[in-house]
Amino acid sequence: MDQTKFCCSVCLDLLKDPVTIPCGHSYCMNCIKTHWDGDENRKIYSCPQCRQTFTPRPVLVKSTVLADLVEELKKTGLQAPPADHCYAGPEDVACDVCTGRKMKAFRSCLVCLASYCKEHLQPHYEAAPLKKHKRVDPSKKLQENICSRHDEVMKMFCRTDQQCICYLCPVDEHKGHDTVSAAAERTERQRELEVSRQNIQQRIQDREKDVKLLQQEVEAINQSADQTVKHSEKIFTKLIHLIQKRSSDVKQQIKSQQETEVSRVKELQEKLEQEITELKRKDAELKQLSHTEDHIQFLHNYPSLSALSESTDSSSINIRPLSYFEDVTAAVSEVRDKLQDILRAEWTNISLTVTEVDVLLSDPPEPKTRAGFLKYSCEITLNPNTAHKQLLLSEGNRKVTVMENQQSYSDHPDRFTGIEQVLSRESLTGRCYWEVEWRGRGASVAVAYKNISRNGDNECLFGLNEKSWALNCNNNSYTFCYNNIQTRVSGPHSSRVGVYLDHRAGILSFYSVSETMTLLHRVRTTFTQPLYAGLWPYFCEATAELIKVK
């Protein structure tokens, strides 16, 4: 009987829990399941041998008759012939016992210093003396375990020379050395190895976190760059459309003025041509009269022919030098020159702003002393166009006071109308530090994006939305607020608050400033837009001032 007919074509071994699929071919149940489970998105299933396809997936049922037949074959000692992949190749460890074509080694014995296939390894599982032998994965380096000097198995380790030795080595060349069993040294090295592995695994975790952060940074950079390109294109497109509109307006105005002036000239030209025609006719009549020989007829007709019609006033024709619309060209050229100058000046600023984007530039640590913070101090003034009408600005627009009566501010789209708040004129990027002195029952010291709402409650109030961060200062307490989440802050009371911003690093810190500086609250986030300093003094006559620090 051909024993290969009872082998699974997938694992090349005798069938285990055989199943027969609709095309008639049989496989181990686990083999065909694994084959079909390989692709989760598979909708059509095929036979590995004949490639016949099945839809839906066939239900697998153990073939009882075939399973019984395979079991009977096993009892009679019939085994599946070894497949080609069971024989040792050039790169494989061969069984040292096999004769003829050698099988692949299944295990190597460190005591016998030999490698065995499954069949020849069997005595190591059955013979009591052999059961104690140390077996390892197949190895080609078994001879490296033999001492080249004494031809004995090396089972010891010389710590003095850091090398493996046999039990005879300590008698001569390793005499007096610090020697231990290879197992003891392995145990010690294993501990070191585990420590090293833990360190490596920790470093792997740390690096994976770093890689994840960098990937997030890449996504943020790409998103920011794409949005900036989109916004820049929109701005430049609007600017181009504006220039095109102005060009069209100038063109239309020139054409209109051209038509008006040409019409005036042609009207005067027609009058002159009519006058010339009339004069030529009169001249012909007078010429005819001058040739009249009858004196009586001449004198009779002369009065009626001698009178001329009123002439067109030639003084009204004031032909100027041929410059006409050249002045317009000069005016447009002047605008072009001014725009070019502006673009040249601002382009340098834009270019520098782009090149300042350096994600991996290491930021200096946050200063520890007030002198360190003052290195980043910046001059900030308040923007009158954002001030609520009940706020009075003074001290060069650095101080704000809540008044009972509204101030005579003109309407402006940037002005707060819901809350007595004001934003700075200057945008804040990079590293900045400023201090606020407040008086009265309290004040809110804040930073906000420019597009924060100007009316409503939560939409515009500092700290009650995603567009502003605020430290609320009262006479006996501090509260930090962001996105309508309030956090109680402990710290020494002071009427002066220092604010440190590292825009790129996403750090915003508030300090109580007196003789010393005490950190009240620190924010770590990602700022997506330039920030503006914000002030909100509470109640009437309360004040807040941006201090000129030195």
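Procedures and definitions
- Residues numbered from 1 in each chain as written.
- Predicted model: local features only at pLDDT ≥ 70, side-chain atom pairs only at ≥ 80, totals over all residues.
- Heavy atoms only, no water.
- Helix = DSSP H or I, 4+ residues; strand = E, 2+ residues; numbered from the N terminus.
- Rg over C-alpha atoms; globule rule 2.2 N^0.38 Å.
- Buried < 20%, exposed > 50% of the residue type's maximum accessible area, 1.4 Å probe, protein only.
- Contact = heavy atoms within 4.5 Å.
- Lys, Arg positive; Asp, Glu negative; His and termini not counted.
- Charge placed at Lys NZ, Arg CZ, Asp CG, Glu CD.
- Core = buried A, V, L, I, M, F, W, Y, C linked by side-chain atoms within 4.5 Å.
- Pairing = 2+ DSSP bridges.
- Axes fitted to C-alpha atoms, helices over the stretch in contact; angles between N-to-C directions.
- Disulfide = S-S within 2.5 Å.

- The protein has the name Tripartite motif-containing protein 16-like in an unreviewed UniProt entry, where Oreochromis aureus is given as its organism.

**What about the overall build of the protein?**
- Within the protein one finds nine helices and 23 strands.
- Relative to the 2.2 N^0.38 estimate, which gives 24 Å for 550 residues, the radius of gyration of the protein is 50 Å and therefore markedly larger than a compact globule would have.
- Within the span of the protein, comprising 550 residues, buried residues form 28% of the whole.
- When contacts within the protein are restricted to residue pairs at least 6 apart in sequence, those whose partners lie at least 24 apart make up 54%.
- Positive and negative side-chain charges in the protein, numbering 72 and 74 respectively, have mean positions lying 7 Å apart.

**Description of unusual backbone geometry**
- Cis rather than trans, the peptide bond between Thr-55 and Pro-56 has omega equal to 0°.
- By secondary structure assignment, the location of Pro-56 is in the loop between strand S4 (53-54) and helix H2 (64-75).
- Backbone geometry at Glu-395 places phi at a positive 50°, although glycine is not the residue there.
- By the element assignment, Glu-395 lies in the loop between strand S11 (391-394) and strand S12 (399-402).
- Positive phi, close to 70°, is recorded for Glu-541, a residue that is not glycine.
- In this structure, Glu-541 sits in the loop between strand S22 (531-537) and strand S23 (543-547).

**Details of the nonpolar core**
- In terms of nonpolar packing, the biggest core is built from 36 residues, with Trp-434, Trp-469 and Leu-508 touching the most fellow members.
- With near-sequence residues (within four places) excluded, Trp-434 lies in contact with Cys-378, Ile-380, Leu-428, Val-447, Val-497, Gly-498, Val-499, Leu-501, Ala-533 and Leu-546.
- Counting 20 residues, the second-largest nonpolar core is a separate cluster that includes Val-19, Tyr-27, Cys-28 and Met-29.

**Remarks on the sheet that holds strand S18 (residues 485-489)**
- Strand order in the open sheet formed by six strands is S13-S22-S15-S16-S17-S18, with antiparallel pairing between adjacent strands. Looking at the sheet topology across the chains shown, the edges are occupied by strand S13 (422-423) and S18.
- In this sheet, strand S16 (residues 468-474) lies alongside strand S15 (residues 442-449) in antiparallel orientation, the contact comprising seven bridges. Pairing of Ala-448 across the sheet is with Ser-468, part of S16.

**Some words on the sheet that holds S12**
- The seven strands are arranged S11-S12-S23-S14-S19-S20-S21 in an open sheet whose pairing can be described as antiparallel. The sheet terminates laterally at S11 and strand S21 (517-524), the two strands that pair on one side only. Neighbour-to-neighbour, the strand axes of this sheet turn through a mean angle of 20°, independent of strand direction.
- Taken together, the seven bridges between strand S20 (residues 507-513) and S21 define a ladder with antiparallel strand orientation. The partner of Ser-509 across the bridge, within S21, is Arg-522.

**As for the pairing of S12**
- Two strands pair when backbone bridges link them, and S11 and S12 are joined in this way by four bridges, in the antiparallel orientation. Considered in S12, the bridge of Leu-391 is made with Val-402.
- Where S11 folds back onto S12 in an antiparallel hairpin, the turn is made up of four residues, including Glu-395, whose phi is positive at roughly 50°.
- Sheet topology places S12 next to S23; three bridges connect them, and they run antiparallel. Along S23, the bridge assignment pairs Val-400 with Ala-544.

**Here we look at the state of the cysteines**
- In the structure shown here, the tally under the stated rule is zero disulfides.
- Cys-109 takes part in no disulfide bond, and the closest cysteine sulfur, belonging to Cys-112, lies 3.5 Å away.
- No disulfide involves Cys-473; its sulfur sits 13 Å from the nearest other cysteine sulfur, which is in Cys-481.

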